[in-house]
Protein chains: 2
Amino acid sequence: MNVFYLPTAQLGIISFPEEESKHIVKVLRMKEGDCFCVTDGNGSLFDAELVDAHPKRAAANLTNQRNGYDIRDFKLSIAIAPTKLNERTEWFLEKATEIGIDEVKLFASYHSERRVANVERFKKIVVAAMKQSVKSKMPVVEDIVPFEKLVKQDFDGQKFIAWIDDDVKEQLCDLYKKGENVMVLIGPEGDFSKEEVQLAKDNGFVPVSLGEARLRTETAAVVACHTVQLINQMK
Amino acid sequence: MNVFYLPTAQLGIISFPEEESKHIVKVLRMKEGDCFCVTDGNGSLFDAELVDAHPKRAAANLTNQRNGYDIRDFKLSIAIAPTKLNERTEWFLEKATEIGIDEVKLFASYHSERRVANVERFKKIVVAAMKQSVKSKMPVVEDIVPFEKLVKQDFDGQKFIAWIDDDVKEQLCDLYKKGENVMVLIGPEGDFSKEEVQLAKDNGFVPVSLGEARLRTETAAVVACHTVQLINQMK
């Protein structure tokens, strides 16, 4: 089933912007009467039938508005420093979107390998993964902020900082409480500085381990994301 | 800390094959007296000191033989059909090695997109990930076998088949018992045929879901791997 993203989706006749129209009519060669699915990225899925196969402003009739299976009663936010190789961050974004995430925050820290990010490209990857995995809600990707600013932002939920240290004895999977909002900070490739860890602690972040395995930054971020989802999913 | 893989590693003076010697001496420019770590891929890690910086047969003195942190009392085996895009299977191999896996079995099934695999390349990816994540045991990667043959192989532990179907109500995370050996079959990009699911059931595989999220094949495989690890890791 093909899924298209239209932020302005609503019941009735809607028209697609030029790029999406071209994709529907020219690339996928859809004809009037063909059916597909539309997500508004804001929690709703629709059934859609193409009513005008116009290559620049295709129109469809949207019916059966419903909540997606990805509507959750908790919020999952992961903060990560973009990796030296962009493809590793992009891989995290794709996988986290598939597994389920609400918010990705990017930060620059003392040992960061990368201090600027192509957020528009990151958002495109999230949109593609959202469509591919038939999600109704689009994860938010926020632009890079300094670590000092990130840890001072308000967050209503459990706050954790995951990094590698022998002194960190507690695990995310043991401390996270099912159903609660949660934000996890993931150490950059050069890890957090001691001052950054202290700053996070001072701002209410609890140090956690993700287990004994030594994980790359992007793997740690996916593991943190799946840990929270799994705990919510278990009976 | 640099980690090198030497299947014949043992306490005392050892020498590296030409390719690894070149990497140590020419690429990393290590000098006599420099220290690193050696894994034998069979459960042991060693401290190593370079004693001869020969570019074709570098020698090191190995001390402090110890078990790696990745020694487990259960066996985790994942069976997957290689994806159309090789990089997706390779990504699974890298991430599963980081997270922890004992065995990857490859199979060709009715809807498989790819019926041959470059297993030597896959093994190189596993070796690189093992070194990068300082593992002492190298996951085994087996060459492709037909699905019919795979499901008839002996396996001493819990056996599951994960695929997408409304009738599959039980989840891997609820059925897998901590500490037990486990093998999980992951559906290919075209999913299993009904006959294949029946054949797996006839051979003792229990149908499970990985949750409501629609996951790509390689994401499902990583999620299954992490599910088993997390259940064993939780207090």
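Bear in mind that the values here come from a model prediction, so they are computed numbers and not experimental data. (Residues numbered from 1 in each chain as written. Chains lettered and ligands numbered in written order. Predicted model: local features only at pLDDT ≥ 70, side-chain atom pairs only at ≥ 80, totals over all residues. Heavy atoms only, no water.)

Undergrad: Help me get a handle on the overall build of chain A, residues and values and all.
TA: If you tally the helices and strands in chain A, you get seven helices and eleven strands. The principal-axis extent of the C-alpha atoms belonging to chain A is close to 65 × 40 × 30 Å. Restricting to contacts in chain A with at least 6 residues of sequence separation, those with at least 24 account for 74%. Surface accessibility of chain A: about 11000 Å² in total, with carbon and sulfur atoms responsible for 46%. (Helix = DSSP H or I, 4+ residues; strand = E, 2+ residues; numbered from the N terminus. Contact = heavy atoms within 4.5 Å. Areas by Shrake-Rupley, 256 points an atom, 1.4 Å probe, with all protein chains shown as cover.)

Undergrad: Got a sec to walk through the sheet that holds strand 3 (residues 35-39) of chain A? Specific residues and values, please.
TA: All names here are of chain A. If you trace the five strands from one edge of the open sheet to the other, you get 1-3-4-5-2, paired in mixed fashion. Strands at the two margins of the open sheet, each flanked by one partner only, are strand 1 (3-5) and strand 2 (12-15). Between one strand axis and the next, the sheet turns by 40 degrees as a mean value, whatever way the strands run. Across seven bridges, the pairing between strand 4 (residues 44-52) and strand 5 (residues 59-67) is antiparallel. Across the sheet, serine 44 pairs through a bridge with asparagine 67, a residue of strand 5. On the sheet, helix 3 (residues 119-132) packs against strand 1 and strand 3 and is oriented at approximately 145 degrees with respect to strand 1. (Pairing = 2+ DSSP bridges. Axes fitted to C-alpha atoms, helices over the stretch in contact; angles between N-to-C directions.)

Undergrad: Pulling in residues and values, what's your account of the interface of chain A and chain B?
TA: Counting residues at the interface gives 32 residues for chain A, matched by 32 residues for chain B. Summed over both sides, the interface between chain A and chain B buries roughly 2900 Å², with carbon and sulfur atoms accounting for 54% of that surface. In terms of surface lost to chain B, no three residues of chain A exceed A:Tyr69, A:Arg214 and A:Gln233, which account for 18% of the buried area on that side. Between the two partners, chain A and chain B, sit eight salt bridges. Residue B:Glu94 pairs with A:Arg88 through a salt bridge whose shortest N-O separation is 2.8 Å. For the pair chain A and chain B, the interface holds 19 residue pairs in polar contact (both at pLDDT 80 or more). Broken down by secondary-structure element, the contributors of at least two residues to the side of chain A that touches chain B are helix 2 (86-99), helix 5 (172-175) and helix 7 (217-233) of chain A. Looking at the side of chain A that touches chain B element by element, the count peaks at eight residues for helix 7 of chain A. Here the residues of the side of chain A that touches chain B sort into twelve nonpolar, eight polar and twelve charged. (Buried area = accessible area lost by both parts, 1.4 Å probe. Salt bridge = Lys/Arg side-chain N within 4 Å of Asp/Glu carboxyl O. Polar contact = N/O pair within 3.5 Å; in protein donor to acceptor, adjacent residues only side chain to side chain. Nonpolar A, V, L, I, M, F, W, Y, C, P; charged D, E, K, R; others polar.)

Undergrad: Give me the domain arrangement of chain A: which residues, what numbers.
TA: All names here are of chain A. For chain A, the assigned domains read domain 1 (3-67) and domain 2 (76-233). Spacing between the C-alpha centres of domain 1 and domain 2 amounts to 33 Å. The partner domain 2 presents eight residues to the eleven residues of domain 1 that form the contact. Taken together, both faces of the contact between domain 1 and domain 2 bury some 760 Å²; the carbon and sulfur share is 66%. The three residues of domain 1 that bury the most area against domain 2 are Val3, Tyr5 and Gly41, which together make up 55% of that side's buried surface. For the interface between domain 1 and domain 2, the tally reads one salt bridge. Between glutamate 20 and lysine 131 there is a salt bridge, and its shortest N-O distance comes to 3.7 Å. Connecting domain 1 to domain 2 are six residue pairs in polar contact (both at pLDDT 80 or more). Elements that contribute at least two residues to the side of domain 1 that touches domain 2 include exactly strand 1 and strand 4. A total of three residues in the side of domain 1 that touches domain 2 trace back to one element, the largest contributor, which is strand 1. (Domains from an automatic or database assignment.)

Undergrad: Describe the sheet that holds strand 7 (residues 103-108) of chain B, listing the residues and the values that go with them.
TA: Each strand in a sheet pairs with another by means of backbone hydrogen bonds, the pair being arranged parallel or else antiparallel. Residue and element names in this part refer to chain B. Read across the sheet, six strands follow the order 8-7-6-10-9-11 without closing on themselves; strand pairing throughout is parallel. Each edge of the sheet is formed by a strand with only one pairing partner; in this case those strands are strand 8 (140-146) and strand 11 (206-208). Taken over all neighbouring pairs, the strand axes of this sheet differ in orientation by 25 degrees on average, direction set aside. Its contacts with the sheet place helix 7 (residues 217-233) against strand 6 (76-80) and strand 10 (182-186), and it is angled at close to 170 degrees to strand 6.

Undergrad: Account for the pairing of strand 10 (residues 182-186) of chain A, with residues named and values stated.
TA: All names here are of chain A. The buried count for strand 10 comes to five of five residues, which makes it a mostly enclosed element. Going residue by residue along strand 10, you find Val182, Val184 and Ile186 tucked away on one face and Met183 and Leu185 tucked away on the opposite face as well. Sheet analysis places strand 6 (residues 76-80) next to strand 10, joined by five bridges and oriented parallel. Bridge assignment links leucine 76 to a residue of strand 10, and that residue is valine 182. (Buried < 20%, exposed > 50% of the residue type's maximum accessible area, 1.4 Å probe, protein only.)

Undergrad: Tell me about the environment of B:Gly43, residues and numbers included.
TA: Residues and elements named next belong to chain B. Of note, glycine 43 is situated in the loop between strand 3 (35-39) and strand 4 (44-52). By relative accessible area, glycine 43 is classed as buried at 3%. Residues glycine 43 and arginine 72, spaced 29 residues apart in sequence, show a C-alpha to C-alpha distance of 9.9 Å. When near neighbours in sequence (up to four residues on either side) are disregarded, glycine 43 contacts Arg66, Asn67, Gly68, Ile71, Ser136 and Lys137.

Undergrad: Provide a residue-level description of the packing of aromatic side chains, including the pertinent values.
TA: Using the criterion set out here, one finds 13 aromatic pairs over all chains in the structure. In this structure an aromatic cluster arises from ring pairing among A:Phe4, A:Phe16 and A:Phe36. When the ring centre of A:Phe74 is taken as origin, the NZ or CZ atom of A:Arg72, which lies over that ring, is 5.9 Å away. Here the guanidinium or amino end of A:Lys95 rests over the ring plane of B:Trp91, the centre of that ring lying 4.8 Å away. (Phe/Tyr/Trp six-rings, centres within 6.5 Å; stacked < 30°, edge-to-face > 60°. Lys NZ or Arg CZ within 6 Å of the ring centre and 35° of its normal.)

Undergrad: How would you summarise unusual backbone geometry if you had to cite specific residues and measurements?
TA: All names here are of chain B. Residue arginine 29 is not a glycine yet carries a positive backbone phi of 55 degrees. Assignment of secondary structure puts arginine 29 in the loop between helix 1 (18-27) and strand 3. Taking relative accessible area as the criterion, arginine 29 reaches 62% and is therefore assigned exposed. A positive phi angle, near 65 degrees, is found at aspartate 191, a position not held by glycine. With respect to the helices, strands and loops of the structure, aspartate 191 is situated in the loop between strand 10 and helix 6 (194-202).

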